[in-house]
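Below are the chains, spelled out letter by letter.
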Amino acid sequence: MKKHFRIALAGNPNCGKTCIFNALTGARQHVGNYPGVTVESKSGYFKLKDVEIELVDLPGVYSLSSSSPEEDVVFQELTKPGIDLILNVVDSTIPRRSLYLTTQLAELHIPMLLAFNMSDDAEKKGMRYDIPKLEKYFGAPIVQTIGCRTDGVRKLVEKLSSTLENLDDHGVPMLTYGADIDDAINAVAQKIDALQVGKYAHIPSRFFAIKLLEHDTAAMRLDEFKSVHAEVDEQIKHLWSKHAIEAETFMADRRYAMLAGACSGCITMTQERRREISDRIDSVMTNKYLGLPIFLVIMYLTFYFTFICAEPLMGWIEEFFGWIADGVKHCWPDGKLDYLRHFVTDGLIGGVGGVLVFLPNILFLFFAIAILEDSGYMSRAAFVMDGIMRKFGLQGRSFVPLVLGFGCTVPAIMATRTIESERDRTVTIMVLPLMSCGARLPIYALIIPALFVEKYQAFVMWSIYIIGVVIALIAARLMRSTLFKGEGEIYLMELPPYRMPTFKSLLLHMWDRGKMYVHKAGTIILASTVILYICNTLPQKKIFDQDYASQITATEKISDEAARTAAVEKIEFAKQAEVMEYTISGRVGKMLEPIFKPIGFDWKLTTASIGALAAKEVFVAQLGVLYHEGETDEESEPLREHLVKNYTPLQGFCIMLFCLLSIPCLATLAIIKRELNSWKMAVIEAGALLVLAYVLTLIVYQLGTLLQIGTKLL
């Protein structure tokens, strides 16, 4: 017997496949993306007696029709050599729909084991299965499981062990689609056999014949079978003349008819049927009037749990990396390779800290999302919001990430993995940076109190957030009408029964996302932070326009210690501002000043905007340096005074508008690249947002200047 087996785990969405995968593999999992697509790739390992098993968790699909990226990935995986067994998870509460995929898997003639999952729910519904008959029908052993329970897969493990020992004796499915269709399948299969394609020798020609007769996208583009297309067209024409049936639908109709016959003979219902508890809960949760308020409350609680509960951990992480940086500074005395010293403490250590400070948000967010998904509520949320979001070209599942975007765009983009439609998911990711995240709040907190009178401050803050939401929805509508034009995807509003999530499953879900963020996005963000550090510090200025040393010496004549300290700090910050102006970032700011002057920006605002690429909060810190002020709360008031002296309310509003709409932080761009698997999309996003921010800010500033709105210094 072999010592290593590769098993493909296949099934519909929401069939409990993930629970079974987690129960079998535990923490020995690897998560990534399939090459070229954003469909998630997940594999895990476990031992069965002395046999090593690799379990490949295929994306959840309803069929092998290749009408979505997920289905295409499953088709490609299952037609490649190397799969020893298919473990097909079936939702036993809805057998006719779940077994549709099973009929297609059976056509591959790869040994298969069927796991009739949620058998406890099926029993509650009064469903009884004739397992021996069904095993004979599909030519595969069947085991009943309860994937959400710790002991619910014990029988599956036992059956899996015996199945692997007898792979050579696996049964043959009793699948027939009627004499005429079977004749057409055999005619095409004979043509395929004549080609003797070695690449697909392990797959029966009958499987590809059926896919070609269905005009399946993945099968039709295979060059090896192009010469068979003439025979396929001939057989389809014959079936049309005899039965008036379409190529794309006739096999589906025959499969469902075949399943109806099989299920009627093998599945019985007891006379007494209990009404599902889920139905009673849904009468409230998806109610026409209560559904939306309840959804908003749950989203608020998710938002609160994610960002408020994570805040202490974020503070500890910041303090931890600050402690490490201080320790390095203490052990590395001044005067010895100072630039390298600052690079290590502020660039490398600060960069790592800047990456990992988001980790609590990631973990708590996906812990909360896992609860909503595993309990069955996420499908209800999509159902409640679907009608509203479709008016803007999206679907209900897009609303959850958009709401989470008010806290942090990075985990919000990662939350779009709950959106099954590739088109809707891409559009949601592209508009998410327009939601005003928490990192922009320090900018608003600086500008609004400084440049707007008290009675307008709340309105200005509210208007900035509303502007982001409105533009995001308009952008989504435009993209769905142009770049991502096409008919709305069929979205099956499946409402699975409510279930109690297992703590192990929640932790594994949280672990997967946290590990992915640290391993993938973390390296990109760290590299970007280091590059920005170099741009903000090089070249170093050696000769200054003023004699700062003599100015500091002159302050010794000031008798008042507090006044002397303040004067020294002012001189030091003036020197630091001159150093900043000399750096790459400062020079770029000076060079770009003529371009940004029409939107009300001087070189200092331009330079601060460049620094904000690392993180939006950097805008305030860098502006403080340029205006000879520090970053602490005690020194924030003088910085506001500088703003009052140098900028009008109109310029202040334009600063906030530009920061809202322009290029997001590098962490966001890194996650966009990670989730869409494309640097091109990340660059397009950055360029489009920069153009959008510039054009709209230009219109607002020039129109405000023309109408003399907010153009006077306070």
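Let me sum up the structure you'll find in this document. Bear in mind the structure is a predicted one, so any value in this text is a computation, not a measurement.

**Details of the side chain of Ser436**
Of note, Ser436 is situated in the loop between helix H19 (422–431) and helix H20 (441–451). In this structure the side chain of Ser436 is engaged in a polar contact, spanning 2.8 Å, whose partner is the side chain of Tyr444.

**Quick look at helix H16 (residues 377–390)**
Helical periodicity: at 3.6 residues per turn, an α-helix aligns residues three or four positions apart in one direction. With 14 residues, H16 ought to run about 20 Å at 1.5 Å a step, and its terminal C-alpha atoms sit 20 Å apart, in line with that. The largest bend in H16 amounts to roughly 40° and is located at Val384. Here H16 lies mainly inside the structure; 10 of its 14 residues are buried. The complete set of buried residues in H16 reads Tyr377, Met378, Ser379, Arg380, Ala381, Ala382, Val384, Met385, Asp386 and Met389.

**Quick word on H19**
In terms of residue burial, H19 counts as a mostly covered element, since eight of its 10 residues are buried. Within H19, the full set of buried residues consists of Asp424, Arg425, Thr426, Val427, Thr428, Ile429, Met430 and Val431. Residues of H19 that are buried in the fold lie against helix H17 (399–404), helix H18 (409–414), helix H21 (454–481), helix H30 (666–676) and helix H31 (679–707).

**Quick look at the pattern of salt bridges**
Applying the stated criterion across every chain yields a total of 21 salt bridges. Lys49 is paired through a salt bridge with Glu165; the nearest N and O atoms lie 3.5 Å apart. Of this pair, Lys49 sits in the loop between strand E3 (40–48) and strand E4 (51–57) while Glu165 is found in helix H6 (residues 154–165), placing the two residues 116 residues apart along the sequence. Its relative accessible area of 65% is what places Lys49 among the exposed residues. Arg425 is the salt-bridge partner of Glu675, the closest N and O atoms lying 2.5 Å from each other. In this pair, Glu675 sits in helix H30 while Arg425 sits in helix H19, placing the two residues 250 residues apart along the sequence. Classification of Glu675 by relative accessible area gives buried; the value is 1%.

**A word on the environment of Asp279**
As for its placement among the helices and strands, Asp279 is situated in helix H12 (residues 277–285). For Asp279, a relative accessible area of 38% puts it in the partly exposed group. A C-alpha to C-alpha distance of 9.3 Å links Asp279 and Tyr498, two positions 219 residues apart in sequence.

What counts, and where the lines are drawn
- Residues numbered from 1 in each chain as written.
- Predicted model: local features only at pLDDT ≥ 70, side-chain atom pairs only at ≥ 80, totals over all residues.
- Heavy atoms only, no water.
- Helix = DSSP H or I, 4+ residues; strand = E, 2+ residues; numbered from the N terminus.
- Polar contact = N/O pair within 3.5 Å; in protein donor to acceptor, adjacent residues only side chain to side chain.
- Expected span 1.5 Å × (residues − 1).
- Bend = angle between axes of the 7 residues up to and from the residue.
- Buried < 20%, exposed > 50% of the residue type's maximum accessible area, 1.4 Å probe, protein only.
- Contact = heavy atoms within 4.5 Å.
- Salt bridge = Lys/Arg side-chain N within 4 Å of Asp/Glu carboxyl O.

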